[in-house]
Amino acid sequence: MLPPGDHVIELAVGNIQREYLLYIPQSESTSARPVVCLLHGTGGTAKWAMYEARFGQFAERHNFIAVIPQALPPDPTQPPKFLANPSAWNAGGTLFPNHQPDDLRFFELLFDDVARRVVIDPRRIYVTGFSNGASMTFELAVHFSDRIAAIAPVAGYCRVKTLPPKPVPTLFIIGTTDPLVPPFGGRVTSPWTREAVQRPPALIGLDKWASGIGCSLPRELVSDENGIRIERYPGPTECTLMIIDELGHHWPGGRGQLKKKLAGETTDRLDANEVIWAFLHRNRLDESVA
């Protein structure tokens, strides 16, 4: 078993060497701990996401194992760069049509690898992600609904073509003024192609997801205070939407590293980490999962 602290783990997926960051809290623990997996967005890196979301401090505060995987760029023989060689997950987008790494196999091996390196509670594996990482979060919930207890995608499209065999509790967070993933639709200029395209409302994909996990429409208003609107889909599986007023394409409560010209404004209305943890940790797989 690995000692506490930061670890860079390499993992062979076929003939391709993949990588993920693993953070183990310093607090001594003999009991199995939950796992929270954070997925970065297009052009990002695992190290960038770890710093942006303050994920090490977050894991330390709540005593969970933090896993931050690294996506592959279109040219994996070269270092990833935000514009020139942007890392991205294979999650149904069309930005890099020839870039189709076997990310599902990567995550299958990753979940097993983490369990070999640290004592985890297999009933409490959670996934959250930002932007393209949010899209991949939905994909993982489809393919690993028997391993993932809950998800919390942030500011990304749900593009899944099939539904999870088991409903996965979901919390979705997005800003009203997101210029790259507009919740109500709008014209978006890609930083990679420089082309302006009309994007559909991101909430359409979420509505379809909610229906697919057994919820119904319309959404019910839970609260609308201090610039944070919370709506819930009626149904036996929890599926909640949080819309943050005046928030652009950023991790809520993060360091705001993306330039405002690209991603819009940040806001301190919400600490996504605490809200996400409050949602995730109350969900567990049933006792049959060993």
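The sections below set out a description of the structure shown in this document. The model shown is predicted, which means the values in this text are computed figures rather than measured ones.

**Description of the overall build of the chain**
For step 1, the next point in the chain: Scanning the chain for helices and strands turns up 7 helices and 12 strands.
For step 2, the next point in the chain: On C-alpha atoms alone, the chain measures out to a radius of gyration of 18 Å, which is about the 19 Å that the 2.2 N^0.38 rule sets for 290 residues.
For step 3, the next point in the chain: With the C-alpha coordinates aligned to their principal axes, the bounding extent of the chain is approximately 50 × 45 × 35 Å.
For step 4, the next point in the chain: In the chain, buried positions account for 53% of the 290 residues.
For step 5, the next point in the chain: The long-range share in the chain, meaning contacts at least 24 apart out of those at least 6 apart in sequence, stands at 60%.
For step 6, the next point in the chain: Positive and negative side-chain charges of the chain, numbering 29 and 31 respectively, have mean locations separated by a distance of 3 Å.

**Considerations on the state of the cysteines**
For step 1, the next point in the chain: Tallied over the entire structure, the rule returns 0 disulfides.
For step 2, the next point in the chain: We note that Cys158 lacks a disulfide partner, and the nearest cysteine sulfur, in Cys239, lies 9.4 Å from it.
For step 3, the next point in the chain: You can call Cys158 buried: its relative accessible area is 14%.

**What to know about the nonpolar core**
For step 1, the next point in the chain: In this structure, Phe55, Val67, Ile68, Phe107, Val114, Trp209 and Ile276 are the most contacted members of the largest nonpolar core, which totals 90 residues.
For step 2, the next point in the chain: When residues of this core are assigned to their parent elements, the largest contribution, 6 residues, is made by helix H3 (residues 103-117).
For step 3, the next point in the chain: Non-local contacts of Val114, meaning those with residues more than four positions away in its chain, are made with Tyr20, Leu22, Val35, Val67 and Ile120.

**Description of the packing of aromatic side chains**
For step 1, the next point in the chain: Counted according to the given criterion, the structure contains 13 aromatic pairs.
For step 2, the next point in the chain: Geometrically, the ring pair formed by Phe55 and Phe64 is edge-to-face, given 5.9 Å between the ring centres and 65° between the ring planes.
For step 3, the next point in the chain: You can call Phe55 buried: its relative accessible area is 0%.
For step 4, the next point in the chain: For Phe64, a relative accessible area of 0% corresponds to the buried category.
For step 5, the next point in the chain: Between the aromatic rings of Phe138 and Phe172, the centroid separation amounts to 6.3 Å while the plane-to-plane angle is 35°, which identifies the pairing as tilted. Of this pair, Phe138 sits in helix H4 (residues 132-143) while Phe172 sits in strand S7 (residues 170-175), and the two are 34 residues apart along the sequence. Comparing Phe138 with Phe172, the two get one shared label, buried.
For step 6, the next point in the chain: Through a chain of ring-to-ring contacts, the aromatic side chains of Phe55, Phe58, Phe64, Tyr126 and Trp277 assemble into a single cluster.

**Brief notes about the packing of H3 against H4**
For step 1, the next point in the chain: Across the interface, H3 lies against H4 with an axial gap of 11 Å and an inter-helix angle of 70°. In terms of orientation, H3 and H4 fall into the roughly perpendicular class. In the packing of H3 onto H4, the handedness of the crossing is right-handed. When H3 is examined against H4, the residues Asp103, Leu104 and Phe107 are found in contact with a partner set consisting of Met136, Leu140 and His143.
For step 2, the next point in the chain: Tallied by class, the residues present in the contact of H3 with H4 amount to 4 nonpolar, 1 polar and 1 charged.

**Details of the sheet that holds strand S4 (residues 65-69)**
For step 1, the next point in the chain: Spatial ordering of the open sheet is given by S1-S2-S4-S3-S5-S6-S7-S12-S11-S10, a layout of 10 strands whose pairing is mixed. The open sheet is flanked by strand S1 (5-13) and strand S10 (220-225), the only strands paired with a single partner. Shown here is a sheet whose adjacent strand axes are inclined to one another by a mean of 20°, direction ignored.
For step 2, the next point in the chain: Of the pairings in the sheet, the one linking S7 to strand S12 (residues 239-244) comprises 6 bridges and is parallel in character. Bridge pairing links Leu171 to Thr240 in S12.

**Here's the deal with the pattern of salt bridges**
For step 1, the next point in the chain: Inspection of every chain in the model, using the stated rule, returns 16 salt bridges.
For step 2, the next point in the chain: The salt bridge partner of Glu231 is Arg219, with a shortest N-O separation of 2.5 Å. Residue Glu231 is located in strand S11 (residues 228-232), and its partner Arg219 is located in the loop between helix H5 (202-212) and S10; the two are separated by 12 residues in the primary sequence.
For step 3, the next point in the chain: Classification of Glu231 as buried rests on a relative accessible area of 8%.

**Re the side chain of Asn85**
For step 1, the next point in the chain: Along the chain, Asn85 falls in the loop between S4 and H3.
For step 2, the next point in the chain: With relative accessibility at 7%, the residue Asn85 sits in the buried group.
For step 3, the next point in the chain: In terms of polar contacts, Asn85 uses its side chain to reach the backbone carbonyl oxygen of Asp75, at 3.0 Å.
For step 4, the next point in the chain: Look past the residues within four positions of Asn85 in its chain and what remains in contact with it is Pro73, Pro74, Asp75, Gln78, Pro79 and Pro80.

**Looking at the environment of Cys215**
For step 1, the next point in the chain: Looking at the element boundaries, Cys215 is found in the loop between H5 and S10.
For step 2, the next point in the chain: Other than its neighbours up to four places away in sequence, Cys215 contacts Ala210, Tyr233, Pro234, Gly235, Thr237 and Cys239.

The rules we used
- Residues numbered from 1 in each chain as written.
- Predicted model: local features only at pLDDT ≥ 70, side-chain atom pairs only at ≥ 80, totals over all residues.
- Heavy atoms only, no water.
- Helix = DSSP H or I, 4+ residues; strand = E, 2+ residues; numbered from the N terminus.
- Rg over C-alpha atoms; globule rule 2.2 N^0.38 Å.
- Buried < 20%, exposed > 50% of the residue type's maximum accessible area, 1.4 Å probe, protein only.
- Contact = heavy atoms within 4.5 Å.
- Lys, Arg positive; Asp, Glu negative; His and termini not counted.
- Charge placed at Lys NZ, Arg CZ, Asp CG, Glu CD.
- Disulfide = S-S within 2.5 Å.
- Core = buried A, V, L, I, M, F, W, Y, C linked by side-chain atoms within 4.5 Å.
- Phe/Tyr/Trp six-rings, centres within 6.5 Å; stacked < 30°, edge-to-face > 60°.
- Axes fitted to C-alpha atoms, helices over the stretch in contact; angles between N-to-C directions.
- Parallel < 35°, antiparallel > 145°, perpendicular 65-115°, else oblique.
- Left-handed = near helix turned anticlockwise from the far one by under 90°.
- Nonpolar A, V, L, I, M, F, W, Y, C, P; charged D, E, K, R; others polar.
- Pairing = 2+ DSSP bridges.
- Salt bridge = Lys/Arg side-chain N within 4 Å of Asp/Glu carboxyl O.
- Polar contact = N/O pair within 3.5 Å; in protein donor to acceptor, adjacent residues only side chain to side chain.

By themselves these figures say nothing about function.
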